[in-house]
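Overview (structure and organization)
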Amino acid sequence: MRHLLSLLLLSLVLAPCYTQTINQDKIENDQYEASWESLSAHNEAPEWFSDAKFGIYFHWGVYSVPAFYSEWYPFHMYRDGKVKQHHIKKYGELENFNYHDFVPMFKGKKFDAEEWAQLFQDAGAKFAGPCSQHHDGFAMWDSEVNPWNSADKGPKKDITGLLSKAVKKRDMKFIATFHHARNLQRHGGNPEKFATYHSHFAHVPGTATASKDAEIAKMYGNIPADEFNEYWFDQLKEVIDQYSPDIIWFDVWLRMIPLEYRQKFAAYYLNEAKKKNQEVIIAYKQAAIPKTVGVLDIEQGGKKDLSESVWLTDVTLSNKSWSYVEGQTYKTPEMVVRNMIDVWSKNGVVLLNVSPTADGVINQEQRDILKRVGKWMKKYSEAVYETRPYSIKGFGNAKAEEGKHGGQSATQKYTAKDARFLKSKDGKYLYLFVLGKPEPGSVISTKELGLHKYYPEEGIKKITLMGSNTECKWGFGDINFELTVPDAELDDIANVFRMELN
């Protein structure tokens, strides 16, 4: 009886420890299930993403060879219009020269992953990577699943793999973007719908788009829907297994992929990341993924006001298209940086696109812009990285222009009359960004920092102009907060005033 009582007491003492061990094992061994409820348990926007603020990717692929109109060249070349007319005039009739005939011409001889990664880092990017597959069905990685890939055809280089190594070597996060949900020909066997907008390739009898050859059909998405959905997933799985991207980003038309496949992908990606102790992100557009599972991306623009949740916008450095085309023009460094500041002030992150030529050159025009952006980012890095939004986005005269894809335009014009806020993560500093070059001696006056509105609860100890460390005069009028711009060297792009809080 005495031994029995001793064992009972011992079991009562050890029970909590044993239960704790079992529960801990359960947490560590739990797998995400292919349901939104289960997948919502992961942190959709890890802290490193909020800290990063800025990433770079690029539209570069087979469509870079014709370098005409846009990366949607393969969409339009099989439909009546100027692209088809151009194609026939330059390359011949569609029956004789199809889109896949450009593949051997896509050589990328001057592509240098190390040099590109360094360029992106010097521009201030904290994450970078390729457009791994656009709508056209060509994979920019070493693929066993997709016969049309950059390691076996065209450049005969593992573009995604080389970039992954170069980017991660620089302690940057790696992003892989996917646009291939649109690749399937969704005509349902109905000839009247062969040119449907939901399919990137029109089904044109007598051309490769209608070919039943197994390999060619994969390029043009001319396969049964069930087969395509598996093919869509298998390519994602391959990139996850081979390159472990920190962000997988999806373009529109993701909702055309059946729900069970989207959930299957997300569960696989998050479970693989968990094994590797990786905090990863799924970026999506519109409503293809629940906001509890992924990060919303708004193309070419962004939210008009401060957001409770972290979000993303993809914008392009070029004006005419996302890919390189002849006669391409580009935004100014001023427009790029000022619009990025606006995004950051609203709890957003920017993904900037560049456009290499078919031979793998990022031209000097783009390099000069990236160099100027990088110089500004380095000068004001303290006020950018590892910061968070303030109580309000800022103040100013600019009227929000409507973006083409919802939200606000990415080409908003700002001046020194517009300002935005960010706050240091440790709460010690408030940063006031003036989106232009104010006149020395002029007064920045706003009621938004009035004592009755959004003046910091801690109070301000002193204000300095970053870059010169010149202390500024400041105070209050009857209502407005007033800051006098010092007689010091000011930046042409944007200027930052550091407010040290008590």
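Every value quoted in this text rests on a predicted model; they were computed, and no experiment measured them.

What about the overall build of the protein?
Across its full length, the protein holds 13 helices and 20 strands. Of all 502 residues assigned to the protein, the portion counted as buried reaches 57%. Put simply, of all contacts in the protein between residues at least 6 apart along the chain, 70% involve residues at least 24 apart. Where the 63 positive side-chain charges of the protein centre and where its 66 negative ones centre are 2 Å apart.

With respect to the pairing of strand β2 (residues 127-133)
Counted residue by residue, β2 has seven buried out of seven residues, so it is predominantly covered. Across four bridges, strand β1 (residues 54-58) lies against β2 in parallel orientation. Paired with G55 across the bridge in β2 is F127. Here four bridges tie β2 to strand β3 (residues 173-178), and the two strands are oriented parallel to one another. Across the sheet, residue Q133 finds its bridge partner in β3, namely F178. A crossover links β2 with its parallel partner β3, the connecting element being helix α7 (residues 159-169), and its sense is right-handed.

Thoughts on the pairing of strand β20 (residues 495-501)
Regular strands place their side chains on alternate faces of the sheet. Buried residues dominate β20, accounting for seven of its seven residues. Where strand β14 (residues 429-434) meets β20, six bridges bridge the pair, whose relative direction is antiparallel. Bridge assignment links F433 to a residue of β20, and that residue is V496.

So, helix α5 (residues 82-91)
All of the buried residues in α5 are V83, H87 and Y91. When α5 is viewed along its axis, its buried side chains cluster within an angular range of 35° and face the same direction. Seen from the buried face of α5, the exposed residues on the opposite side, beyond 90 degrees, are K82, Q85 and K89. Just downstream of α5 lies G92, where phi reads positive at about 110°.

Things to note about the packing of helix α11 (residues 333-345) against helix α12 (residues 364-379)
At a closest axis distance of 9 Å, the pairing of α11 and α12 adopts a crossing angle of 45°. Viewed along their axes, α11 and α12 adopt a mutual orientation that is oblique. Between α11 and α12 the crossing geometry is right-handed. Residues P333, V336, V337, M340, I341 and W344 of α11 form the contact with α12, whose participating residues are I369, R372, V373, W376 and M377. In the contact of α11 with α12, the residues fall into ten nonpolar, no polar and one charged.

Digging into the side chain of R338
Tracing the chain through its elements places R338 in helix α11. Although R338 is buried, it makes no salt bridge; E334 carries the closest opposite charge, 5.6 Å away. Of the polar contacts made by the side chain of R338, one reaches the backbone oxygen of Y414; its length is 3.2 Å. For R338, the side chain forms a polar contact with the main-chain oxygen of L435, separated by 3.3 Å. With near-sequence residues (within four places) excluded, R338 lies in contact with Y414, L435, G436, D492 and I493.

Remarks on the layout of surface pockets
Here the largest pocket is characterised by a volume of approximately 900 Å³. Lining the largest pocket we find 37 residues, and of these E299, Q300, W322, K404 and H405 sit closest to its centre. Sorting the residues of the lining of the largest pocket by element identifies β6 (295-297) and β8 (311-316) as the ones contributing at least two each. Tallied by class, residues from the lining of the largest pocket come to eleven nonpolar, 16 polar and ten charged. Here the second largest pocket is characterised by a volume of approximately 230 Å³. Around the second largest pocket, the lining comprises 13 residues; the ones closest to its centre are A416, K417, V443, I444 and S445. It is strand β15 (residues 443-446) that provides the largest number of residues to the lining of the second largest pocket, a total of three residues. The residue makeup of the lining of the second largest pocket, split by class, is seven nonpolar, four polar and two charged.

Things to note about the packing of aromatic side chains
On inspection of all chains with the given rule, the structure shows 41 aromatic pairs. Ring geometry for F97 versus F102: centroids 5.0 Å apart, planes at 65°, classification edge-to-face. For F102, a relative accessible area of 0% translates into the label buried. Judged by centre distance (5.4 Å) and plane angle (65°), the ring pair of Y197 and W253 falls under edge-to-face. Of this pair, Y197 sits in the loop between β3 and α8 (214-219) while W253 sits in the loop between β4 (247-250) and α10 (259-275), and the two are 56 residues apart along the sequence. Exposure remark for W253: the relative accessible area of 16% places this residue in the buried category. Its guanidinium or amino end placed over the ring of F233, K264 lies 4.4 Å from that ring's centre, counting from NZ or CZ.

The rules behind these values
Residues numbered from 1 in each chain as written. Predicted model: local features only at pLDDT ≥ 70, side-chain atom pairs only at ≥ 80, totals over all residues. Heavy atoms only, no water. Helix = DSSP H or I, 4+ residues; strand = E, 2+ residues; numbered from the N terminus. Buried < 20%, exposed > 50% of the residue type's maximum accessible area, 1.4 Å probe, protein only. Contact = heavy atoms within 4.5 Å. Lys, Arg positive; Asp, Glu negative; His and termini not counted. Charge placed at Lys NZ, Arg CZ, Asp CG, Glu CD. Pairing = 2+ DSSP bridges. Right-handed = clockwise from strand over helix to strand, strands pointing away. Arc of directions from axis to C-beta. Axes fitted to C-alpha atoms, helices over the stretch in contact; angles between N-to-C directions. Parallel < 35°, antiparallel > 145°, perpendicular 65-115°, else oblique. Left-handed = near helix turned anticlockwise from the far one by under 90°. Nonpolar A, V, L, I, M, F, W, Y, C, P; charged D, E, K, R; others polar. Salt bridge = Lys/Arg side-chain N within 4 Å of Asp/Glu carboxyl O. Polar contact = N/O pair within 3.5 Å; in protein donor to acceptor, adjacent residues only side chain to side chain. 1 Å grid on protein atoms, 1.4 Å probe; cavity = no way out; pocket = protein on both sides within 12 Å on 5 of 7 lines; lining within 4 Å. Points joined across faces, edges and corners; volume = space filled by probe spheres on them. Phe/Tyr/Trp six-rings, centres within 6.5 Å; stacked < 30°, edge-to-face > 60°. Lys NZ or Arg CZ within 6 Å of the ring centre and 35° of its normal.

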